[in-house]
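Structural description and commentary
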Amino acid sequence: MIPQKNQFSEVNEWDEPEEEVIRVYSKEEIVALQQNNAKKYRALSPWKIILTQLLITAISMAVWSFFGEPVGVSLYTQSAFLGGLISVLPTTLFLIRLELAKKSQKLNPGRFLAALVSGEFIKIVLTLMMFIGVAYYIPGVLWVPLLVTYLLALKCVWLAWLWR
């Protein structure tokens, strides 16, 4: 006698589910979908991020200029400028590194990944060198305006997402 499943029993969660049907889109269908939703899914330009960092740095310099003894260009303003520079310059060099890799004749995923990793390494090393250089060569720097401006410029990627 062959045991049979009771037709009145509830469906068990452990039973194997039916296979999902996965639809594979052609290249033309994907292009058509992207064109239909072009406004919703447009690409974020990395140059907008650099522009936003410069804008945030200028705003921060203007705000910090009110804290100095002579209102205007004071040590607070210069420290805020250095904080923005420490954020903007490595990011710009990283972006240039990626742009050069994209224009390379022999671009493949491995080479682009190598460019990405080496660009990020250059960015980290340059940032550390700039912080050490500021600490060593500019002893009177005010660290609060420098770090606040650096962090604001570093996090302005979030503002660039709002521009989408």
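Higher on the page you've got the structure.
Model, not experiment: these values are computed from the prediction. (Residues numbered from 1 in each chain as written. Predicted model: local features only at pLDDT ≥ 70, side-chain atom pairs only at ≥ 80, totals over all residues. Heavy atoms only, no water.)

**Focus: the pattern of salt bridges**
This is how it is decided: By salt bridge we mean one thing: a side-chain nitrogen of Lys or Arg within 4 Å of a carboxyl oxygen of Asp or Glu. Note on exposure labels: buried denotes an accessible area under 20% of the residue type's maximum, exposed denotes more than 50%, and partly exposed covers the range between, all computed with a 1.4 Å probe on protein chains only. Helix and strand definitions here come from DSSP, where helices need a minimum of 4 consecutive H or I residues and strands a minimum of 2 consecutive E residues; each element is numbered from the N-terminal end.
The tally for this structure, following the rule as stated, stands at 2 salt bridges. Here R23 and E29 are joined by a salt bridge, their closest N and O atoms 2.8 Å apart. The exposure class assigned to R23 is exposed, which follows from its relative accessible area of 52%. When its relative accessible area of 29% is taken as the criterion, E29 is described as partly exposed. With its nearest N and O atoms 4.0 Å apart, the salt bridge here joins E99 to K102. With E99 and K102 both in helix α3 (residues 75-102) and 3 residues apart, this pair spans about one turn of that helix. K102 gets classed as partly exposed once you look at its relative accessible area, which sits at 46%.

**A few points about the nonpolar core**
Our working rule: We call a set of buried residues a nonpolar core when its members are Ala, Val, Leu, Ile, Met, Phe, Trp, Tyr or Cys and they connect through side-chain atoms within 4.5 Å of each other. We call two residues contacting when some pair of their heavy atoms lies within 4.5 Å.
With 9 residues, the main nonpolar core is built from L82, I86, L126, M130, F131, V134, V141, L146 and Y150. Those elements that place two or more of their residues in this core are α3, α4 (109-137) and α5 (143-154). Considering each element in turn, this core owes the most residues, 4 residues, to α4. Apart from residues lying up to four places away in sequence, L82 is in contact with V134, I138, V141 and L146.

**A closer look at the packing of α3 against α4**
Selection rule: Here the axes come from fitting lines to C-alpha atoms, over the contacting stretch only for helices, and the angles between their N-to-C directions go from 0 to 180 degrees. Geometric relationships in this document are graded by angle, where less than 35 degrees denotes roughly parallel, more than 145 denotes roughly antiparallel, 65 to 115 denotes roughly perpendicular, and other angles denote oblique. A clockwise turn of the near helix away from the far one marks a right-handed crossing, whereas an anticlockwise turn of less than a right angle marks a left-handed crossing. Only Asp, Glu, Lys and Arg are considered charged in this grouping, and only Ala, Val, Leu, Ile, Met, Phe, Trp, Tyr, Cys and Pro are considered nonpolar; every other residue, Gly among them, is considered polar.
Contact pair α3 / α4: the axes reach a minimum separation of 9 Å and the direction vectors enclose 160 degrees. As judged from the angle between their axes, α3 and α4 are roughly antiparallel. In this structure, the crossing between α3 and α4 has a hand that is right-handed. Residues L82, L85, I86, L89, P90, T91, L93, F94, R97, L98, A101 and K102 of α3 lie in contact with α4, whose contacting residues are F112, A115, L116, S118, G119, E120, K123, L126, T127, M130, F131 and V134. The residue makeup of the contact of α3 with α4, split by class, is 16 nonpolar, 4 polar and 4 charged.

**Side note on the side chain of S87**
Position of S87 among the secondary structure elements: in helix α3. The buried category is assigned to S87, whose relative accessible area is 2%. Beyond its immediate sequence surroundings of up to four residues, S87 is in contact with Q53, Y150, A153 and L154.

**What to know about the side chain of S65**
As a reminder of what qualifies: Under this definition, polar contacts are N or O atom pairs within 3.5 Å; protein pairs additionally need one hydrogen-donor-capable and one acceptor-capable atom, and for neighbouring residues in sequence, both atoms have to be side-chain atoms.
Considering the arrangement of structural elements, one finds S65 in the loop between α2 (46-64) and α3. Of note is the side chain of S65, whose polar atom sits 2.6 Å from the backbone oxygen of A62.

**Here we look at the packing of aromatic side chains**
To keep it simple, the criterion reads: Here is the rule: rings of Phe, Tyr and Trp (six-membered ring for Trp) pair when centre to centre is within 6.5 Å. Planes less than 30 degrees apart are stacked, more than 60 are edge-to-face, and the remainder are tilted.
In this structure the tally under the stated criterion is 5 aromatic pairs. On the basis of an interplanar angle of 45 degrees and a centroid distance of 5.1 Å, the ring pair of W64 and F67 is categorised as tilted. W64 gets classed as buried once you look at its relative accessible area, which sits at 14%. Look at F131 and Y150: their rings are 5.0 Å apart centre to centre, the planes differ by 80 degrees, and that puts the pair in the edge-to-face class. Within this pair, whereas F131 is found in helix α4, its partner Y150 is found in helix α5, the two being separated by 19 residues in sequence. Of the two residues, F131 and Y150, both sit in the buried class. Taken together through their ring pairs, the aromatic side chains of W64, F67 and Y76 make up a single cluster.

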